[in-house]
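Inside the fold
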Amino acid sequence: MHITETVLRDAQQSLIATRMPFDDFEAVLDDMDKAGYHSIECWGGATFDSCLRYLHEDPWERLRKIKSHMKNTKLQMLLRGQNLLGYHHYSDDTVRRFVRRSVENGMDIIRIFDALNDMRNIETAVDECLKAGGHAQGCICYTLSPIHNLEMFVSLGKQIEALGCNSLCIKDMAGIMSPQECYDLVTALRENIKLPVYVHTHATTGLGYMTYLKAAEAGAAGIDCATSCFSGGTSQPATESLVYALAQMGFDCGVDSKQLKKVNDFFLPVKDKFSANGLFDPYVLSTKTDALNYQIPGGMLSNLVAQLKAQNAIDKLEAVLEETPRVREDMGYPPLVTPLSQMVGVQATVNVLLGERYKSIGKEIKSYIKGEYGKAPGKIDPELAKKVLGDEQPMTGRFADTLKPEFEEAKAYLGGRARSEEDVLSYIAFPQQAEQYFDRRDQTFTASYSFKEVG
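This section reports on the structure supplied with the text.

1. A look at the overall build of the chain
A count of helices and strands for the chain gives 20 helices and 8 strands. Taken against the 2.2 N^0.38 rule, which gives 23 Å for 455 residues, the C-alpha radius of gyration of the chain at 21 Å falls within 12% of a compact globule. Each principal axis of the C-alpha distribution contributes one length, and for the chain these read about 70 × 60 × 50 Å. Within the chain, residue pairs in contact and separated by at least 24 positions form 76% of the contacts whose partners lie at least 6 positions apart. Summed over its atoms, the accessible surface of the chain is roughly 18300 Å², and 50% of this surface lies on carbon and sulfur atoms. In the chain, 50 positive and 61 negative side-chain charges are present, and the distance between their average locations comes to 2 Å.

Below, the structure written as structure tokens:
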């Protein structure tokens, strides 16, 4: 049973909104490499944005530094298909360059998903990952709704296999997959496709540990876990606990328990630092069985709490959580995963704070209803569609086919400010944040150079 350790990406994204700088974990990387993990998830998701926006780090340099310590362990990232690491679709030339550069800078396994399970939106990223020599892991975004069932999920699994993916991941963002549902789904997939099946869930609802045990019994190839001090709540179940339980059930996870303790001992004071500065809110650690209804994933829940606190509206949290599934139903039951989770969550928040549903509709929601994110899983509420589209019809083709190449124009705009192709890709993904980072980097370089001249 393979173990993927998530403390460097999903665990810290779910618990502390991805605010862990490289300096906080550099000293433990060699010990992590000796632990025997199948892979370490360390990049993608919100790490890229957070590096530029909050940590003032070059995300590509961060990846290269992590890779330099990993002699035995594969690195893994999460990629949002045609959305890459952002919140809208990028042109195919950008997607191909980004994926290739990710592999060339040290990424081994790229877990690729589309928020709507529209496989047209992962085909370019999968194709380029394979061409670049990476391991392409296609995802089924797991969700519960009147239209999502075993037959639909198996159909998605067959599409992922047909794309040439090396493995498949059942991605349960909100921790809502029950042990029995997991057992049935892993079993059904293994009966219908030949790919190794990995399972990703969260501890949010309290089901995660049991779900992982049933995944193992059903023959899953691996699971995602978090070192214990960064586990639980909206994060993943604890690595050490799962390894202990699985060993007694006869599953060899291939990890060294002594190394696991070293890793956790290292992160204990890191956790204490974030607890002291308030970024680690105890709210995200408690079990939320209500998530079985509102289905908000871990990272979104921690961000939602932070956003409502910033607006002095934390008292509206329960109302927002209740509004979220109503908005989701109106939108045709999209799985709540980035960027759809943010879009639905923000719209639910706006509906509650303004005291009127859809008085203001976000531009991303409008784009979604126009078909620019892909095919909605179910039927969009006719009144909402009419409000956005008027008499227009939503597009049915692949939105990326309408996008012109972006890279050369961005490269020309940046000129000498871009020191590498990676800089241009950072700018395309997050223009404002990247330019601010470049400015800060140039100022630091100038100050350093002037100091040397004076000295």
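From this point, things continue past the structure.
2. Remarks on unusual backbone geometry
One non-glycine residue, leucine 84, lies in the positive phi region at around 55°. By the secondary structure assignment, leucine 84 is in the loop between β3 (74-79) and α5 (92-104). At asparagine 312, a position not held by glycine, the phi torsion is positive, near 55°. For asparagine 312, the position within the fold is in the loop between α13 (298-310) and α14 (317-330).

3. As for helix α4 (residues 59-69)
Of the residues making up α4, those classed as buried are Pro59, Trp60, Arg62, Leu63, Ile66 and His69. Sitting at the head of α4, aspartate 58 places a side-chain oxygen 2.9 Å from the backbone nitrogen of tryptophan 60.

4. Quick word on the packing of α14 against helix α15 (residues 340-354)
Contact geometry for α14 and α15: axes closest at 8 Å, N-to-C directions at 120°. Comparing the axis directions of α14 and α15 gives the class oblique. Helix-helix and strand crossings are classified by hand; for α14 and α15 the assignment is right-handed. Packed against α14, whose contacting residues are Ala319, Val320, Glu323, Thr324, Val327 and Arg328, the element α15 presents Val344, Gly345, Gln347, Ala348, Thr349, Asn351 and Val352 at the interface.

5. Some points on helix α19 (residues 421-429)
Burial analysis of α19 places 8 of its 9 residues in the buried class, the great majority of the element. Looking at α19, one finds that the buried residues are Glu422, Asp423, Val424, Leu425, Ser426, Tyr427, Ile428 and Ala429.

6. Here's the deal with the side chain of threonine 211
Within the secondary structure, threonine 211 is located in helix α9 (residues 208-217). Taking the relative accessible area as the measure of exposure, threonine 211 reaches 0% and is therefore buried. Apart from residues no more than four positions distant in its own chain, threonine 211 is found in contact with Met177, Ser178, Pro179 and Cys182.

7. What to know about the side chain of serine 91
Positionally, serine 91 belongs in the loop between β3 and α5. Look at serine 91 and you get buried, because its relative accessible area is 1%. Beyond its immediate stretch of four places on either side in the chain, serine 91 contacts Gln82, Leu403, Lys404, Pro405 and Glu406.

8. Overview of the nonpolar core
Most often, soluble globular proteins have nonpolar side chains that are buried together. In this structure, Met32, Leu79, Phe98, Ile170, Val199, Phe230 and Phe267 are the most contacted members of the largest nonpolar core, which totals 97 residues. When residues no more than four places from it in sequence are discounted, the contact partners of isoleucine 170 are Ile140, Tyr142, Met177, Leu185, Val186, Leu189, Val197, Tyr198, Val199 and His200. Residues Val327, Tyr368, Ile369 and Ala376 belong to the second largest nonpolar core, which totals 42 residues.

9. Considerations on the pattern of salt bridges
For the structure shown, the criterion picks out 33 salt bridges. A salt bridge links arginine 9 to aspartate 10, with the shortest nitrogen-to-oxygen separation between them at 3.7 Å. The two residues arginine 9 and aspartate 10 agree in class, both being buried. Measuring nitrogen to oxygen at the nearest pair gives 2.8 Å for the salt bridge that ties arginine 64 to glutamate 61. Here the residue arginine 64 and the residue glutamate 61 both occupy positions in helix α4, the gap between them amounting to 3 residues, near one helical turn. Among the residues examined, arginine 64 registers a relative accessible area of 34% and is labelled partly exposed.

10. As for the state of the cysteines
One pass over the full model with this rule turns up 0 disulfides. Cysteine cysteine 139 remains unbridged, with the sulfur of cysteine 169 as its closest cysteine sulfur at 4.5 Å. No disulfide involves cysteine 141; its nearest neighbouring cysteine sulfur is the one of cysteine 139, lying 6.1 Å away. Note on cysteine 141: relative accessible area 0%, which makes it buried.

11. Re the sheet that holds β3
Within a beta sheet, neighbouring strands are joined by backbone hydrogen bonds and run either parallel or antiparallel to one another. On the basis of which strands lie adjacent, the closed barrel formed by 8 strands has the order β1-β2-β3-β4-β5-β6-β7-β8 and parallel pairing. Pairs of neighbouring strands in the sheet enclose a mean axial angle of 30°, with direction left out of account.

12. Let's talk about the packing of aromatic side chains
If you walk through the whole model with that rule in mind, you get 15 aromatic pairs. Summarising the aromatic geometry, the rings of phenylalanine 48 and tryptophan 60 are spaced 5.7 Å apart at their centres and angled 90° between planes, so their arrangement reads as edge-to-face. A residue pair is termed long-range when its members are at least 10 positions apart, and phenylalanine 48 in helix α3 (residues 47-55) and tryptophan 60 in helix α4 qualify at 12 residues. Grouping residues by exposure puts phenylalanine 48 and tryptophan 60 together as buried.

13. A word on the pairing of strand β1 (residues 2-5)
On any regular strand, side chains alternate: one points to one face of the sheet, the next to the other face. Bridging between β1 and strand β8 (residues 222-225) involves 4 bridges; their strand directions are parallel. Bridge pairing in β8 links threonine 4 to aspartate 224. Sheet topology note: the β1/strand β2 (residues 39-44) ladder contains 2 bridges and is parallel. Paired with glutamate 5 across the strands is isoleucine 40, a residue of β2.

Rules of the game
Residues numbered from 1 in each chain as written. Predicted model: local features only at pLDDT ≥ 70, side-chain atom pairs only at ≥ 80, totals over all residues. Heavy atoms only, no water. Helix = DSSP H or I, 4+ residues; strand = E, 2+ residues; numbered from the N terminus. Rg over C-alpha atoms; globule rule 2.2 N^0.38 Å. Contact = heavy atoms within 4.5 Å. Areas by Shrake-Rupley, 256 points an atom, 1.4 Å probe, with all protein chains shown as cover. Lys, Arg positive; Asp, Glu negative; His and termini not counted. Charge placed at Lys NZ, Arg CZ, Asp CG, Glu CD. Buried < 20%, exposed > 50% of the residue type's maximum accessible area, 1.4 Å probe, protein only. Polar contact = N/O pair within 3.5 Å; in protein donor to acceptor, adjacent residues only side chain to side chain. Axes fitted to C-alpha atoms, helices over the stretch in contact; angles between N-to-C directions. Parallel < 35°, antiparallel > 145°, perpendicular 65-115°, else oblique. Left-handed = near helix turned anticlockwise from the far one by under 90°. Core = buried A, V, L, I, M, F, W, Y, C linked by side-chain atoms within 4.5 Å. Salt bridge = Lys/Arg side-chain N within 4 Å of Asp/Glu carboxyl O. Disulfide = S-S within 2.5 Å. Pairing = 2+ DSSP bridges. Phe/Tyr/Trp six-rings, centres within 6.5 Å; stacked < 30°, edge-to-face > 60°.

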